[in-house]
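The lines below spell out each chain.
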Amino acid sequence: MAARIDLTLDCTDAQLLAEFWKTALGYVDEPPPAPYSTREEWLAQFNLPDDDSVDDAAWLCDPDGVGPRLSILKVPEPKAAKNRLHIDVRVQGHGSSDERWARIKAEAERLVKAGGSVLSEVDEHHIVMADPEGNEFCVAAASAPAD
């Protein structure tokens, strides 16, 4: 059985990044683990420092249960270098290379409106972008379905 993974993003504003990634991926806020009814209740068990807040983190999940959970955690240090691991946002739909490229461009424009920025376009194949805190990700076409 394959291992399940979570992806964790360090940040300075967890709520800002959570809103961006919910828009980008169609994810939703993950409910707190049972038996807790709120994240505040769940976090209280950890005896965190007084200056820690429930707003310092966010947990997102794929509403269909397919994609990995995304944990977004506030850290004191700023982003210092290029990501060594990044997310690829895959745009659905097939057709000609011009049609795929048009869908990729449209998705990148949507994500710019949500707070992202375009860093570069690569050979009408994919677009390298950054989220509101500078974490790099790519927008590309999804793989064609197998016959």
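In what follows, the structure referred to is the one given above.
Residues numbered from 1 in each chain as written. Predicted model: local features only at pLDDT ≥ 70, side-chain atom pairs only at ≥ 80, totals over all residues. Heavy atoms only, no water.

Counting residues in hydrophobic clusters, the biggest one holds 25 residues, and the most contacted among them are Trp 21, Leu 70, Ile 72, Phe 137 and Val 139. Those elements that place two or more of their residues in this core are β1 (6–11), α1 (14–25), β3 (57–61), β4 (69–74), β5 (87–91), α3 (97–113), β7 (126–130) and β8 (136–141). Considering each element in turn, this core owes the most residues, 6 residues, to α1. When residues no more than four places from it in sequence are discounted, the contact partners of Leu 70 are Leu 7, Leu 9, Trp 21, Leu 25, Tyr 27, Ala 58, Trp 59, Leu 60 and Ile 87. (Core = buried A, V, L, I, M, F, W, Y, C linked by side-chain atoms within 4.5 Å. Buried < 20%, exposed > 50% of the residue type's maximum accessible area, 1.4 Å probe, protein only. Helix = DSSP H or I, 4+ residues; strand = E, 2+ residues; numbered from the N terminus. Contact = heavy atoms within 4.5 Å.)

Our focus in this paragraph is the pairing of β3. A large share of β3 lies buried, amounting to 5 of its 5 residues. A two-sided burial pattern is seen for β3, the buried positions comprising Ala 57, Trp 59 and Cys 61 on one face and Ala 58 and Leu 60 on the other. In this structure, strand β2 (residues 28–29) lies alongside β3, joined through 2 bridges in antiparallel fashion. In the sheet register, Val 28 faces β3, and the bridge partner there is Cys 61. Bridge count between β3 and β4: 4 bridges; the pairing is antiparallel. (Pairing = 2+ DSSP bridges.)

A separate point is the sheet that holds β4. Taken in spatial order, the 4 strands make up an open sheet running β1-β4-β3-β2, and their pairing is mixed. Unpaired on one side and paired on the other, β1 and β2 mark the two borders of the sheet. Each of β1, β2, β3 and β4 touches α1; the most contacted strand, β3, lies at about 10 degrees to it. (Axes fitted to C-alpha atoms, helices over the stretch in contact; angles between N-to-C directions.)

Along the chain, Asp 131 falls in the loop between β7 and β8. Despite its burial, Asp 131 remains without a salt bridge, the nearest opposite charge being carried by Lys 79 at 8.0 Å. Polar side-chain contacts of Asp 131 include one of 2.9 Å to the backbone nitrogen of Glu 133. A polar atom in the side chain of Asp 131 sits 2.9 Å from the side chain of Asn 135. Beyond its immediate chain neighbours, meaning those up to four positions away, Asp 131 contacts Leu 9, Leu 17, Phe 20, Trp 21, Gly 115, Gly 116 and Phe 137. (Lys, Arg positive; Asp, Glu negative; His and termini not counted. Salt bridge = Lys/Arg side-chain N within 4 Å of Asp/Glu carboxyl O. Polar contact = N/O pair within 3.5 Å; in protein donor to acceptor, adjacent residues only side chain to side chain.)

Moving on to a negative patch on the surface. Residues Asp 13, Glu 40, Glu 41 and Asp 55 make up a contiguous surface patch of negative charge. The residue Asp 55 is located in the loop between α2 (39–44) and β3 in this model. (Patch = residues over 30% accessible without salt bridge, like charges linked within 9 Å, V, L, I, M, F, W, Y side chains within 5 Å. Areas by Shrake-Rupley, 256 points an atom, 1.4 Å probe, with all protein chains shown as cover. Charge placed at Lys NZ, Arg CZ, Asp CG, Glu CD.)

So, about the sheet that holds strand β6 (residues 117–122). Taken in spatial order, the 4 strands of this open sheet run β5-β8-β7-β6, and their pairing is mixed. Of all the strands in the sheet, just β5 and β6 have a single pairing partner and so form its edges. Between one strand axis and the next, the sheet turns through 25 degrees on average, direction left out of account. Relative to β8, β5 is paired through 5 bridges, and the arrangement is parallel. Looking at β8, one finds that Asp 88 is bridged to Cys 138. Most of the contacts of α3 go to β7, to which it runs at about 10 degrees, and overall it touches β5, β6, β7 and β8.

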